[in-house]
Structures are given as structure tokens and as C-alpha cells.
Amino acid sequence: VRSGLFVEILCTFTVISLLFYLWGIIVARNNQEKWRYLAIKGVNLTFFLTGIKVHVHGYKIPDDGPYIFCAIHQSLLDGLIILHELKRPFNAITGPYEIFPFMLRPWFKKMGYMAVARDLFEQLKYDHTLTNRESIEKGIRILRRKQALLIFPEGKRELRRRINAKPHDVELHR
């Protein structure tokens, strides 16, 4: 995504997310499922208004069931693209809310995403985060309820080296 388009998407998303968040306070209240559907609608509207078109090839995205979606990501847009393409609410494991851009933090809380401390320092700094063990136990409970779970595995970014991934390297597992 070229930088001008990224700024346009980010600005549009910020405005849409604020409007949908205010609407969510009225209609969704504390219902995590409703907040997740609102997020899908907000992202879809953002992509429509900015002309973003996403095409997934090679895999049928499941309609229901206990799935784990695992994605390697490099930008803020990756999570939005996954939300747009899955077209169904899911639970997510994230880092502490405070490490994300301001417009995502309240959404993550309302949608009930699991904030996980990635190391001891984050565990001490952010008291609302789950430990690794707690997140695994909660993830198992989510899957037993036949819900989907999204995980962005922690990884190191390298500016000089590219990941040699092919389209079939990302898989959906049931």
C-alpha cells in the first residue's frame, strides 16, 4: 500500500471507528458479539469508501466452527483485512491494549479480545493482561464453544530480510 493511500485509509478508519464506537455504546452496550459485528461493518465501510478490494485465493474461509486463524502480519492493515475477509466475529489474542493505536484500544476491550503479556516486563506494567498459561486456557474454552480464535504470533521484524512465504504457507486448521 503506497503511503498516501495508507494515510487515507487510516484517516477514514479513524473517523468510521469513532462513529461506530459511539453507535455501539447505544446498541451493543456490553455485548461482545454485537461489538464484533459492528467492527466488521466499520471495516467494510472503510474499505468501500477508500476503494480497497481484497481477494483471497486458494482457501474457502469457513462459515462457522472452532477455527484458529494464525497470521503473520507486518502492518496495522493486516488485522483489518482479516476482519474484512472472515466476515464473521472472532476472538483474538493481542498484546497489551496500550501498544496499539488509540482508536483500536477501546474496540479491543469492548470486543473482549485477550490482552496477553508477551514477557515479564509487560506482565508487571499492564495488570489487565493474561499470562501465557491463562491465555491458553481461555483459548481452549473459546474453541470448545465452537468459536473462532485469531492469533498473530509474535515475531521479529527485519527490514533487510524478507520472509520467503508463498500463498499456501498460510493455512486454516480445524
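This section reports on the structure supplied with the text. Quantities reported herein were computed from a predicted structural model and do not represent experimental measurements.

Here we come to the overall build of the protein chain. The secondary structure content of the protein chain amounts to six helices and four strands. Moving toward the C terminus, one meets the helices and strands of the protein chain in the order α-α-β-α-β-α-β-α-α-β. The buried share of the protein chain, reckoned over its 174 residues, is 37%. Once local pairs closer than 6 in sequence are excluded, the contacts in the protein chain between residues at least 24 apart make up 67%. On the protein chain, roughly 11600 Å² of surface is accessible, and the fraction owed to carbon and sulfur atoms is 58%.

Right, let's get into the pattern of salt bridges. Applying the stated criterion across every chain yields a total of one salt bridge. For E122, the salt bridge identified is with R118, shortest N-O distance 2.5 Å. Under the relative-accessibility criterion, E122 is labelled buried at 10%.

Here we take up the sheet that holds strand β1 (residues 68–70). Taken together, four strands build an open sheet; the order of strands is β1-β4-β2-β3 and the sheet is parallel. Looking at strand neighbours, the two that pair on one side only are β1 and β3 (114–115), the edges of this open sheet. As paired strands, strand β2 (residues 91–94) and strand β4 (residues 149–151) are joined by three bridges and run parallel to one another. Residue A92 lies in a different strand from β4, and its bridge partner there is L150.

So, on to the pairing of β2. Of the two faces of β2, the one carrying N91 and I93 and the one carrying A92 and T94 are both buried. The handedness of the β2 to β3 crossover, carried by helix α4 (residues 105–111), is right-handed.

Next up on the list: the side chain of R36. Structurally, R36 is set in helix α2 (residues 32–50). For the buried R36, which has no salt bridge, the nearest side chain bearing the opposite charge is E33, at an N-O separation of 4.0 Å. From its side chain, R36 meets the backbone oxygen of M111 in a polar contact 2.5 Å long. Excluding its chain neighbours within four sequence positions, the residues that come into contact with R36 are P89, F90, N91, M111, G112 and Y113.

The next subject is the nonpolar core. Ranked by internal contacts, the top residues of the largest apolar core, which has 36 residues, are W35, F90, W107 and M111. Where this core is concerned, the elements lending two or more residues are α1 (3–27), α2, α3 (76–86) and α4. Sequence-distant contacts of W35, defined by excluding residues within four places in its chain, comprise Y21, G24, I25, A28, R29, N30, W107, K110 and M111. Core analysis: the second largest hydrophobic core is formed by five residues, I93, M114, V116 and I142 among them.

Basis of the calculations
Residues numbered from 1 in each chain as written. Predicted model: local features only at pLDDT ≥ 70, side-chain atom pairs only at ≥ 80, totals over all residues. Heavy atoms only, no water. Helix = DSSP H or I, 4+ residues; strand = E, 2+ residues; numbered from the N terminus. Buried < 20%, exposed > 50% of the residue type's maximum accessible area, 1.4 Å probe, protein only. Contact = heavy atoms within 4.5 Å. Areas by Shrake-Rupley, 256 points an atom, 1.4 Å probe, with all protein chains shown as cover. Salt bridge = Lys/Arg side-chain N within 4 Å of Asp/Glu carboxyl O. Pairing = 2+ DSSP bridges. Right-handed = clockwise from strand over helix to strand, strands pointing away. Lys, Arg positive; Asp, Glu negative; His and termini not counted. Polar contact = N/O pair within 3.5 Å; in protein donor to acceptor, adjacent residues only side chain to side chain. Core = buried A, V, L, I, M, F, W, Y, C linked by side-chain atoms within 4.5 Å.

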